[in-house]
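Inside the fold
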Amino acid sequence: MTTQYLILSGLLFAIGAMGVLIRRNAIVVFMCVELMLNACNLAFVTFARQVGNLEGQIIAFFVMVVAAAEVVVGLAIIVTIFRTRRSASVDDANLLKY
Amino acid sequence: MNGAIEAPTIEYGLLAPLLLVFGAAVIGVLVEAFAPRYLRKSIHVPLTLLSLAGGFALVLVQALRGSLPTTPAAMGAVAVDGPSLFIWGVILVLSFVCVLLINDEGHFVASAAAVPGSADEEEAETAGGGHTEVYPLVLFAVGGMMLFPAAHDLLTMFVGLEVMSLPLYLLCGLARRRRLLSQEASMKYFLLGAFSSAFFLYGMAMIYGYAGTVSLPGINQALSSGVLLDPLLLIGMALLGVGLLFKIGAAPFQAWKPDVYQGAPTPITALMASGTLVAAVGALLRVFWVGLGNLDWDWRPVMWGVAALTMLVGSILAITQTDIKRMLAYSSIAHAGFLLIGVMATFDSPAGNAGSLSAILFYLVVYGFTTVGAFAVVTIVRDPGGEAWHLSRWAGLGKRSPLLAGTFAFFLLAFAGIPLTSGFFGKYAVFTAALGSGAEVGDSLGGWMVGLVVLGVVASAVAAFFYVRVIVLMFFSDAAADGPSIAVPSTGTVAVISVAMLVTVGVGLFPQPVLDLANQAASGLFIR
């Protein structure tokens, strides 16, 4: 019964990963990373059901806390960049190369 | 699922070094909240240095007491074994030294929130001060670096990874000069770091689905009785590998390293280049040797390719660099490749594995100190606009300041692995371990290991070319008329360079004490 959930989680993860690679706005890229983390949560909860212990569900809580901390740090960095450059596009940040 | 919840037992004594560093970080945050601005720095500096020194003392006490625990601490979350203690000690000393560099004036922006070039920024500059939040952030990062390689289950490892990374993302963006570069480095590091930790997490979910647990010995047990070609297991292993290899900067996940090393404030680069690499290699070893040890026939071929690519990319791309920090970043990538050779050198016998492990630990000490020393030199060669980043500006430095240039040349020779420097013994130990591992297996795989070592020697030779090029530039080129000035180094910076020099020369001449220490730490291998 858990297969569908795993497929959904795999799809969400793939959509998130594709989004990180092809979207240009740093905020959207970051949202896609969050989508990937949520796909992980779904996989954890599904597997917890499948193997019959609570570890996976507990891990999901930890992941939520870490994701929240990551949002704080990430938005701070992106907002600073936006204030400096008036743009949140990851293509505009191109001073460091080669 | 019914019944009372048992209270967990926490071995506070064993975890004391970790708790001390995290405790000091929390106190640092309180200082930030309640102490008046003019007092903050004078509270933070002793607090940070004392907690790191205290942590090191606690590690020493445990190491000297002899009887290491044979079971993990904190309900199986943290393994305080020989390798953990060794890595903790190395990280604490390296971060202590880096804090001395951080302590110097002029590396960090006065107000990170002020837009570069604005009136706000000027006002903050004239008001002086600067961000004292740097100190608690560094302590949190160091705490994460200690938790990451000592984690005994993947969840603790993930938390350690994030506690280590999140403060570093912020610290990267706080450079005082060339702030656009610094902010860009911070954003790139953050987005790529978050991306890679999502891979780590999905890999962890797959492994959990396969083994029903995320504890490393539990995974090992599931492997010894279960199907070894389960897709869940293979996908999980690959994704975990992506997350960990990203952190050590192995190719093809190395793209962030030059950008971040170049953009970040140099003391923070020194901390990342030494501490993060040490921690990440420790974690990589724990996952692949303890958790996935039974699967080494599956991961060694992949690791072979990654190690070969990493060494070649690191040493070949370094040749074309014109920025000194970027060049050192590529050199750090090449060294990650050399370390991966050691990670691959597994044996069937525990004694053989202990030999490889001690070679890796030795290499980490050697590389960590040399790299901190090199970045410390970079901080004091200055242009009017900050550090003299362009390599051409280093021309003729040997005539202007022979002592400093000589020191830097020595660090570069140690990176190259020239005999009589510590780097030589580091490489020698790792390559010998790899050859021994190849000889044990024999036939074709043994041949591949020999091939990898040959590739490592070739990569070292290529790397030696660009190290020597910098030395030639410093000693045999004419200095520009408006060449860089040598800032009068603070006592802290002098201490850092001296310590790094002492370790590089001392270990180069008498490697035995450090080798013995590494052997002793590795003798018990990881707790299972």
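Remember, it's a predicted structure, so these values are computed and weren't measured experimentally. Along each chain, residue indices are assigned from 1 in the same order as the chain's sequence is written. Numbering of ligands from 1 and lettering of chains from A proceed in the order in which they are written. This being a predicted model, a pLDDT of at least 70 is required before a residue's local features are given, and a value of 80 or more before pairs of side-chain atoms are given or counted; all residues contribute to the totals for chains, interfaces and linings.

When you go through chain A residue by residue, the secondary structure sums to 3 helices and 0 strands. The order of α-helices and β-strands along chain A, N terminus first, is α-α-α. Taken over C-alpha atoms, the radius of gyration comes to 17 Å for chain A, far larger than the 13 Å a tight globule of 98 residues would show. The principal-axis extents of the C-alpha atoms in chain A amount to approximately 50 × 25 × 25 Å. Here a residue counts as buried when 20 or more other C-beta atoms sit within 10 Å of its C-beta, as exposed when there are 12 or fewer, and as partly exposed otherwise, the C-beta atoms being derived from the backbone. Each of the 98 residues in chain A was classed as buried or not, and the buried ones make up 34%. Two residues qualify as a contact pair if the distance between their C-beta atoms, derived from the backbone, is within 7 Å. Nonlocal contacts in chain A, meaning residues at least 24 apart in sequence, comprise 47% of its contacts between residues at least 6 apart. Each helix corresponds to a stretch of at least 4 residues labelled H or I by DSSP, and each strand to a stretch of at least 2 residues labelled E; elements are numbered beginning at the N terminus. Radius of gyration here uses only the C-alpha atoms, and the compact-globule reference equals 2.2 Å multiplied by the residue count raised to the power 0.38.

Helix and strand counts for chain B stand at 20 helices and 3 strands. What you see for chain B is a C-alpha radius of gyration of 23 Å, in line with the 24 Å of a compact globule of 528 residues. Projected onto the principal axes, the alpha-carbon positions of chain B cover approximately 70 × 55 × 40 Å. The burial tally for chain B puts 59% of its 528 residues in the buried class. Across chain B, the fraction of contacts at a sequence separation of at least 24, relative to all contacts at a separation of at least 6, is 80%.

When the terminal C-alpha atoms of helix H7 (residues 179-211) of chain B are compared, their 47 Å separation across 33 residues agrees well with the 48 Å that a helix rising 1.5 Å per residue should span. Most of H7(B) sits out of view: 30 of its 33 residues are buried. Expected span of a helix: the number of residues minus one, times 1.5 Å.

Our next topic: the UniProt feature "transmembrane region" (unreviewed entry) in chain A. The positions that UniProt labels "transmembrane region" (unreviewed entry) are, in the present scheme, residues 6-22, 27-47 and 59-82 of chain A. Taken end to end, residues 27-47 of chain A comprises 100% helix and 0% strand; its first and last C-alpha atoms sit 30 Å apart. UniProt positions are given in the numbering used here, feature names are shortened, and annotations may be inferred rather than shown by experiment.

UniProt records the feature "domain: NADH:quinone oxidoreductase/Mrp antiporter transmembrane" (unreviewed entry) at residues 151-439 of chain B, using the numbering of this structure. End C-alpha to end C-alpha, residues 151-439 of chain B measures 32 Å, and it is 79% helix and 2% strand.

Here we come to the sheet that holds strand E3 (residues 485-486) of chain B. Residues and elements named next belong to chain B. Spatially, the 3 strands line up as an open sheet ordered E2-E1-E3, and their pairing is antiparallel. Edge positions in the open sheet fall to strand E2 (386-387) and E3, since each of these has one partner strand only. Any two strands with at least two DSSP bridges between them are considered paired. Examined bridge by bridge, strand E1 (residues 381-383) and E3 share 2 bridges and lie antiparallel to one another. Looking at the pairing, Val-381 lines up with Ile-486 of E3. Sheet contacts for helix H14 (residues 350-380): E1, E2 and E3; angle to E1, the most-contacted strand, approximately 30 degrees. Between N-to-C directions, angles span 0 to 180 degrees; the directions come from axes that are lines fitted to C-alpha atoms, helices contributing only their stretch in contact.

So, on to the interface of chain B and chain A. The interface of chain B with chain A comprises 33 residues on the first partner and 35 residues on the second. Mapped onto the side of chain B that touches chain A, the elements with two or more residues apiece are helix H6 (154-172), H7 and helix H10 (256-263) of chain B. It is H7(B) that provides the largest number of residues to the side of chain B that touches chain A, a total of 17 residues. Residue type decides the class: Asp, Glu, Lys and Arg count as charged, Ala, Val, Leu, Ile, Met, Phe, Trp, Tyr, Cys and Pro as nonpolar, and the leftover types, Gly among them, as polar. The residue makeup of the side of chain B that touches chain A, split by class, is 22 nonpolar, 8 polar and 3 charged.

Moving on, we come to the environment of B:Val214. Here B:Val214 shows up in the loop between H7 and helix H8 (216-225). Look at B:Val214 and you get buried, because 23 C-beta atoms sit within 10 Å. Measuring from C-alpha to C-alpha, the distance between B:Val214 and B:Asp153 comes to 5.6 Å, with 61 residues separating the pair along the chain. Residue contacts for B:Val214: discarding those within four places in its chain leaves A:Glu55, A:Ile59, B:Asp153, B:Leu154, B:Leu155, B:Met204, B:Ile207 and B:Tyr208.

Given 3.6 residues per helical turn, the α-helix brings residues three or four places apart onto the same face. Taking 1.5 Å per residue, 21 residues should reach 30 Å; helix H3 (residues 82-102) of chain B reaches 30 Å between its end C-alpha atoms and fits that length. Among the 21 residues that make up H3(B), 21 are buried, leaving the element largely enclosed by the rest of the structure.

This brings us to unusual backbone geometry. Residue and element names in this part refer to chain B. For the bond running from Ala-251 to Pro-252, omega is 0 degrees, close enough to zero to count as cis. Positive phi, close to 50 degrees, is recorded for Ala-74, a residue that is not glycine. With respect to the helices and strands, the residue Ala-74 is situated in the loop between helix H2 (37-65) and H3. With 18 C-beta atoms counted inside 10 Å, the residue Ala-74 sits in the partly exposed group. Even without being glycine, Met-75 reaches a positive phi, approximately 55 degrees. Along the polypeptide, Met-75 turns up in the loop between H2 and H3.

The packing of two helices is summarised by the inter-axis angle and the distance between the axes. Residues and elements named next belong to chain B. Contact pair H14 / helix H17 (residues 422-441): the axes reach a minimum separation of 8 Å and the direction vectors enclose 155 degrees. With respect to H17, the axis of H14 lies roughly antiparallel. The hand of the H14/H17 crossing is left-handed. Seen from H14, the contacting residues are Gly-352, Gly-355, Ser-356, Ala-359, Ile-360, Phe-362, Tyr-363, Val-366, Tyr-367 and Thr-370; seen from H17, they are Ser-422, Gly-423, Gly-426, Ala-429, Val-430, Ala-433, Gly-436, Ser-437 and Glu-440. Angle categories are assigned with fixed cut-offs, so that under 35 degrees is roughly parallel, over 145 is roughly antiparallel, 65 to 115 is roughly perpendicular, and the rest are oblique. We call a crossing left-handed when the near helix sits turned anticlockwise from the far one by less than a right angle, and right-handed when that turn is clockwise.

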